[in-house]
Amino acid sequence: MDGAVLHMRGGKPTMTEDDALAAKGAPSEKGQARKPLIKLDKLSKHYGNHTVLDGIDLEVMPGEVLAIIGPSGSGKSTLLRCINYLEPPDGGHVTIGDISLNAAAPAGRSELSTLRRSVGMVFQSFNLFPHMTVLRNVSLAQERVLGRSRKNADDRSMQLLSRVGLADKAEQFPGRCSGGQQQRIAIARALALDPDVMLFDEPTSALDPELGLEVLAVMRELAETGMTMIVVTHEMSFAENVSDTVMIMADGKIIEKGPSQDVMRNPQQERTKRFLRAVHDR
Amino acid sequence: MSTADIFAILRGLPWTVALTLGAFLAGAILGIPLVAARQSRILPLRLAAMVFIQIVRGIPPILWLFIIFFGLGMSVFPISPFNAALAGLGLIAAANMAEIYRGALASIHFGQWEASSALNLGRWSTLTDVVAPQAFRVALPSAASYLIGLMKETAVASTIGVSELAFQGNQLSQLTFRGLEVFALVGMFYILLSLPVAWLSRVADGYLQAKVAR
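None of the values given here were measured: they were computed from a predicted structure.

Asks: Would you mind showing me how to read the pattern of salt bridges here?
Replies: In a structure, side chains of opposite charge can pair up when their charged atoms sit close to one another. Throughout the structure, instances matching the rule amount to 19 salt bridges over all chains. Here Arg144 of chain A ties to Glu143 of chain A by a salt bridge, and the two come within 3.9 Å at their closest N and O atoms. A relative accessible area of 42% means that Arg144 of chain A is categorised as partly exposed. Glu143 of chain A sits in the buried class, given a relative accessible area of 14%. The salt bridge involving Asp194 of chain A is made with Arg148 of chain A; its shortest N-O contact spans 2.7 Å. Here the residue Asp194 of chain A occupies a position in the loop between α7 (179–191) and β7 (197–201), and Arg148 of chain A occupies one in the loop between α5 (134–146) and α6 (150–163), the gap between them amounting to 46 residues. Sharing partners across several salt bridges, the network here consists of Arg136, Glu143, Arg144 and Arg150 of chain A together with Asp129 of chain B.

Asks: Sorry, what's going on with the sheet that holds strand β2 (residues 50–60) of chain A here?
Replies: By way of backbone hydrogen bonds, the strands of a sheet pair with one another, either parallel or antiparallel. Residue and element names in this part refer to chain A. Spatially, β2-β1-β4-β5 is the arrangement adopted by the four strands of the open sheet, whose pairing is antiparallel. Of all the strands in the sheet, the pair left with one neighbour each is β2 and β5 (99–102). When the angles between neighbouring strand axes are averaged without regard to direction, this sheet yields 20°. Alignment of strand β1 (residues 38–47) against strand β4 (residues 91–96), held across five bridges, turns out to be antiparallel. Within β4, the position partnered with Asp41 by the bridge is His93. Of the strands in this sheet, β1, β2 and β4 touch helix α3 (residues 76–83), which is tilted by about 120° from β1. Together, β4 and β5 form the strand contacts of helix α4 (residues 109–117), whose direction differs from that of β5 by roughly 130°.

Asks: Honestly, α5 of chain A in this entry has me stumped. Any pointers?
Replies: Residues lying three or four places apart along an α-helix face the same way, a consequence of the helix completing one turn every 3.6 residues. Between its terminal C-alpha atoms α5 of chain A stretches 19 Å, which fits the 18 Å expected from 13 residues at 1.5 Å a residue. In terms of burial, α5 of chain A is largely enclosed, as eleven of its 13 residues are buried. Burial in α5 of chain A covers these residues: Val134, Leu135, Arg136, Asn137, Val138, Ser139, Leu140, Ala141, Gln142, Glu143 and Val145 of chain A. Looking at the packing, one finds that the buried side of α5 of chain A touches α4, α6 and α7 of chain A together with α7 (123–153) of chain B. Looking at the residues trailing α5 of chain A, positive phi occurs at Gly147 of chain A, about 70°.

Scoring rules and cut-offs
- Residues numbered from 1 in each chain as written.
- Chains lettered and ligands numbered in written order.
- Predicted model: local features only at pLDDT ≥ 70, side-chain atom pairs only at ≥ 80, totals over all residues.
- Heavy atoms only, no water.
- Salt bridge = Lys/Arg side-chain N within 4 Å of Asp/Glu carboxyl O.
- Buried < 20%, exposed > 50% of the residue type's maximum accessible area, 1.4 Å probe, protein only.
- Helix = DSSP H or I, 4+ residues; strand = E, 2+ residues; numbered from the N terminus.
- Pairing = 2+ DSSP bridges.
- Axes fitted to C-alpha atoms, helices over the stretch in contact; angles between N-to-C directions.
- Contact = heavy atoms within 4.5 Å.
- Expected span 1.5 Å × (residues − 1).

And the structure:
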């Protein structure tokens, strides 16, 4: 394990939707051996004596959509939150693009900031800012973090709000929007910072099934544009049909991981079979 | 009760208002660094703020005024009764406002901090753009009721000779021997003063509620 906490080689690769779309449109690229966008090495996390993450190794390729499923308490949300250091892991490495953080050493503010710039996150409970208009919610971080002017930020926000079908809500406050609309706004807010990867922490769990669908539709569209996505979810049809890869977690470990159709229809591990059976029997 | 009597009492009004607003303003401003210290990650700073708040709130206001006016004022530096009262009540207000701010900050859902971190907003932006405006709304009703409480508390300044409402009332009652009427009138002035504060607080709260619509 080397001592350097942060490696940065060159600038941050930024991928706009247009680039991503172009990448997706050229299938030849898909087959080429590429460097993973996200790499976790022996990532671990403990709360006292309790092991939440037990040496997780994971690679996610650019443009890949990974669904993480598994029983409650399996560590899937914690894993997601360790990727952008909302919860600092206590062992192993997190590498995103050219940035690598060693969890054994405390992360400095500028390193965290560099890491988080490439990661967008969507929460189960939306966490929109209730005292700002929808437009301001999407524009704020663009101005504060990317230094965009108010006008440029608002233009970009309107573009993204149109994309999630909520341009007409721009001047409303989040409290006036349905849960599904709030979650779509939260997605627009995260996309506004042009992240390389989007993390979704049970994005539809707080929504009734109908409202969940409109959020899933936005996520499916996002996946089709080539956005790299890691989705912790209980939506089995999303895992099977939208994601490229499914990973099953239990007790802080990866039980099984593979192409989504294979894992969902023909699981190899007994623990996976038991979980999927429980889900399907409901 | 003659008009002259009423005017005699009313002469105390500007002092009561000045003392109330001055102490509240001082408290509202000084409460901010105080709550910042109280919530600091630096343990000695946090402890110092905790001890300070406990001491300030643990001693009766009248005693603080005596300490500042008769204690410090007579031995360390000369201070006018009004300034002594302003300093004492401002100090108490700062400790109380710090606690009001602390409660308001604690009411902000941790998801707001998390979302700010995930969006990479710096600490300053998280505080000034996201947390403080929401905490302000939460603090508003408590701050308004504290302002009314503070207004009544300014009556203790009469004990060190600030000629505010209660002081004027006391003087007049001694001159006229009509304590009941005099003090009833003084009481009415206090109530009249509290009404606009209560009303403003309700209007402001209603406006903010309607805006956010939760």
